[in-house]
Amino acid sequence: MRFMMITKEHQQPSSDAMPDAKGAATMMKYMESLEKAGVLLAFDGLRSAAMGAQVSFSGEKPVVTDGPFSEAKEVIGGYWMIQVNSKEEAIAWAKRCPAFPDFAIEIRQVVEFSDFPAEVQEAAALYPKLKARCRDRSRA
Amino acid sequence: MRFMMLMIPKGYEKAKAGGMPDAKVVAEMMRYNKSLQQAGVLLALDGLHPPSMGARISFSGGEPLVTDGPFSEAKEVIGGYWMIQVRSKQEAIEWACRCPGSEEFVIEIRQVQEMADFPPDVQQAAAGFPELQLGRGPA
C-alpha cells in the first residue's frame, strides 16, 4: 500500500523556510532509515506558500491569487511517499520522524488503479500508462 | 522548475471511505492528465483517499500524538496532486487554470525545492547521503 506522509507546519507568511544544516542532517538520517528499510518511494520539500499561488474554481472563471494565503493556518512543507503493508506501519514510520517545533504529519493512503470499480477503471484506462510514462520521464 | 499542483476539493475533508468518483468526471480528468503528459510537463500524479482512511501525527513537545482520520479541525485537505516541470510559475498557473471540474475546488501551486536552492552548508549535509538525491522527486 502506498501512503503519503505530508508535513504540515505554521509558516511565517513571507519567509522561505529553508532548513539549517543541523536540521537537514537529522532529517537526512531519518530518510536514510526509510531508504534502508526499502520503503521510501519519493520525497520532496516545497518552497514557501509566499512563492506560490492559488487558483479557485467556484463557478465562472478560475480566480488566481498569489501567495501568501492569509486564511491558511497550516501549510504543507513537503512529503514522503512510502510503500508499506498497512496504515499502522505508515503511522509507526511517521512517529519516528525527527520533531521540529509545531509540526504535524498527515498520513494519506494513495489511490491505486485497482481501487476503482470496473466502470471507473474503463474511464481511467489511460491512467496506468500515464503513470508508467511519468516514471520514465523523471529518470531522464 | 518543478511545481506541485495540489488539488483541494471543497468538502473532501468530510468524504467517506470507499466513495467512488463519477466515470464521466474521471474521463474528463483523464483528458486533462493526457494533455499534461503530451505537452511533456507531467512528472507525476496521484489521487489520495479521504482523511477518514488516514491519520495525523502531531509533534508538540513530548510523545508524538496519533489521531485517526477524519480530522475535525481540518477545513481543507488534498484530494490529489500533479508534479509538473515548466519554465515559470506563470506557466504552472496556466496549466492549473485548465483543470476541468464542475464542483468547487482550489488548486494550490507550490514550487518544489531543488538541491541548488539550499544554502551551501545544507547541500554539504545532504552530500553525505549520496543514495538520497535531494530533489529527485517521485519515482
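Cut-offs and rules
- Residues numbered from 1 in each chain as written.
- Chains lettered and ligands numbered in written order.
- Predicted model: local features only at pLDDT ≥ 70, side-chain atom pairs only at ≥ 80, totals over all residues.
- Helix = DSSP H or I, 4+ residues; strand = E, 2+ residues; numbered from the N terminus.
- Buried ≥ 20, exposed ≤ 12 C-beta atoms within 10 Å, placed from the backbone.
- Contact = placed C-beta atoms within 7 Å.
- Pairing = 2+ DSSP bridges.
- Axes fitted to C-alpha atoms, helices over the stretch in contact; angles between N-to-C directions.
- Nonpolar A, V, L, I, M, F, W, Y, C, P; charged D, E, K, R; others polar.
- Expected span 1.5 Å × (residues − 1).
- Arc of directions from axis to C-beta.
- Parallel < 35°, antiparallel > 145°, perpendicular 65-115°, else oblique.
- Left-handed = near helix turned anticlockwise from the far one by under 90°.
- Core = buried A, V, L, I, M, F, W, Y, C linked by C-beta atoms within 7 Å.

Q: Explain the overall build of chain A here, please?
A: Helix and strand counts for chain A come out as 4 helices and 6 strands. Counting from the amino terminus, helix and strand elements in chain A follow one another as β-α-β-β-β-β-α-β-α-α. For chain A, with 140 residues in total, the buried portion stands at 33%. Excluding contacts between residues fewer than 6 apart, the proportion of contacts in chain A whose partners are at least 24 apart in sequence is 71%.

Q: Would you take a moment to explain the sheet that holds strand S2 (residues 42-47) of chain B for this structure?
A: Sheet strands line up and pair through hydrogen bonds in the backbone, either parallel or antiparallel. Taken in spatial order, the 6 strands line up as S4(A)-S3(A)-S6(B)-S1(B)-S5(B)-S2(B) in an open sheet, and their pairing is antiparallel. Across the chains shown, the open sheet's two edge strands, defined by having one partner strand only, are strand S4 (63-66) of chain A together with S2 of chain B. The sheet shows a mean angle of 15 degrees between the axes of neighbouring strands, taken without regard to direction. Across the sheet, helix H2 (residues 89-97) of chain B touches strand S3 (53-57) and S4 of chain A together with strand S1 (2-9), strand S5 (80-85) and strand S6 (105-111) of chain B, and the angle it forms with S6(B) is around 160 degrees.

Q: Just checking my understanding: could you explain the environment of B:Gly18 for this structure?
A: Residue position: B:Gly18 is located in the loop between S1 and helix H1 (23-38). Sequence separation between B:Gly18 and B:Leu6 is 12 residues; the distance between their C-alpha atoms is 21 Å.

Q: When you look at the sheet that holds strand S2 (residues 40-45) of chain A in this model, what are you seeing that I'm missing?
A: Spatially, the 6 strands line up as an open sheet ordered S2(A)-S5(A)-S1(A)-S6(A)-S3(B)-S4(B), and their pairing is antiparallel. Each having just a single partner strand, S2 of chain A together with strand S4 (65-68) of chain B make up the two edges of the open sheet. Direction aside, the axes of adjacent strands within the sheet are offset by 20 degrees on average. Strand direction decides the pairing type here: strand S1 (residues 2-9) of chain A and strand S5 (residues 75-83) of chain A, joined by 8 bridges, are antiparallel. Among the inter-strand pairings, A:Met4 is bridged to a residue of S5(A), identified as A:Met81. Packing of helix H1 (residues 21-36) of chain A onto the sheet brings it into contact with S2 and S5 of chain A, and relative to S2(A) it is tilted by some 155 degrees. Against the sheet, helix H2 (residues 87-95) of chain A makes contact with S1, S5 and strand S6 (103-109) of chain A together with strand S3 (55-59) and S4 of chain B, and its axis sits at roughly 160 degrees relative to S6(A), the strand it touches most.

Q: Even after reading the chapter, I still don't get the interface of chain B and chain A, so can you show me in this structure?
A: In many analyses, interface size is given as the accessible surface area lost on bringing the parts together. In this complex, chain B contributes 57 residues to the contact, which on the side of chain A involves 56 residues. If you list the elements that add at least two residues to the side of chain B that touches chain A, you get H1, S2, S3, H2, S6 and helix H3 (120-127) of chain B. Per-class residue counts for the side of chain B that touches chain A are 36 nonpolar, 12 polar and 9 charged. In this sheet, S3(B) lies alongside S6(A) in antiparallel orientation, the contact comprising 5 bridges. Each bridged residue has a counterpart across the sheet, and for A:Ile107 the counterpart in S3(B) is B:Ala55.

Q: Any chance you could explain H1(B) here in plain terms?
A: Note on helix geometry: an α-helix contains 3.6 residues per turn, so any two residues three or four positions apart are oriented the same way. Residue and element names in this part refer to chain B. For H1, which comprises 16 residues, the first-to-last C-alpha distance of 22 Å matches the rise-based estimate of 22 Å (1.5 Å per residue) to within 8%. Burial in H1 covers these residues: Val26, Met29, Asn33 and Leu36. Seen end-on, H1 carries its buried residues on one side only, within an arc spanning 70 degrees. Exposed residues on H1 whose side chains face more than 90 degrees from its buried face are Lys24, Arg31 and Gln38.

Q: So what exactly am I meant to see when it comes to the packing of H1(A) against H3(B) here?
A: Packed helices, taken two at a time, are described by the angle their axes make and the gap between the axes. With their axes 8 Å apart at the nearest point, H1(A) and H3(B) run at an angle of 20 degrees to one another. The pairing of H1(A) with H3(B) is recorded here as roughly parallel in orientation. Of the two possible hands of crossing, H1(A) and H3(B) adopt the one that is right-handed. Where H1(A) abuts H3(B), its residues A:Ala21, A:Ala24, A:Ala25 and A:Met28 lie against B:Asp121, B:Val122, B:Gln124, B:Ala125 and B:Ala126. Class assignment for the residues of the contact of H1(A) with H3(B) results in 7 nonpolar, 1 polar and 1 charged.

Q: Would you mind showing me how to read unusual backbone geometry here?
A: Residues other than glycine predominantly adopt negative phi, and peptide bonds predominantly adopt the trans conformation. Cis geometry marks the peptide bond from A:Gly67 to A:Pro68; its omega dihedral reads -5 degrees. Among the secondary structure elements, A:Pro68 is positioned in the loop between S4 and S5. Note that the residue after B:Gly69, namely B:Pro70, is joined by a cis bond; omega there is 0 degrees. For B:Pro70, the location among the structural elements is in the loop between S4 and S5.

Q: Explain the environment of A:Ser58 to me, please; I cannot follow it from the model alone.
A: Structurally, A:Ser58 can be placed in the loop between S3 and S4. Sequence spacing of A:Ser58 and A:Thr26 is 32 residues, and the spatial spacing of their C-alpha atoms is 42 Å.

Q: I would appreciate a short explanation of the nonpolar core in the present structure.
A: Proteins that are soluble and globular tend to have nonpolar side chains buried together. Residues A:Met5, A:Ile82, A:Ala94, B:Met5, B:Tyr81 and B:Ile84 are the most contacted members of the largest nonpolar core, which totals 59 residues. Contact partners of B:Tyr81, with chain neighbours within four places excluded, come to B:Met4, B:Met5, B:Leu6, B:Met7, B:Leu45 and B:Asp46. A:Met27, A:Met28, B:Ala125 and B:Ala126 belong to the second largest nonpolar core, which has 7 residues in total.

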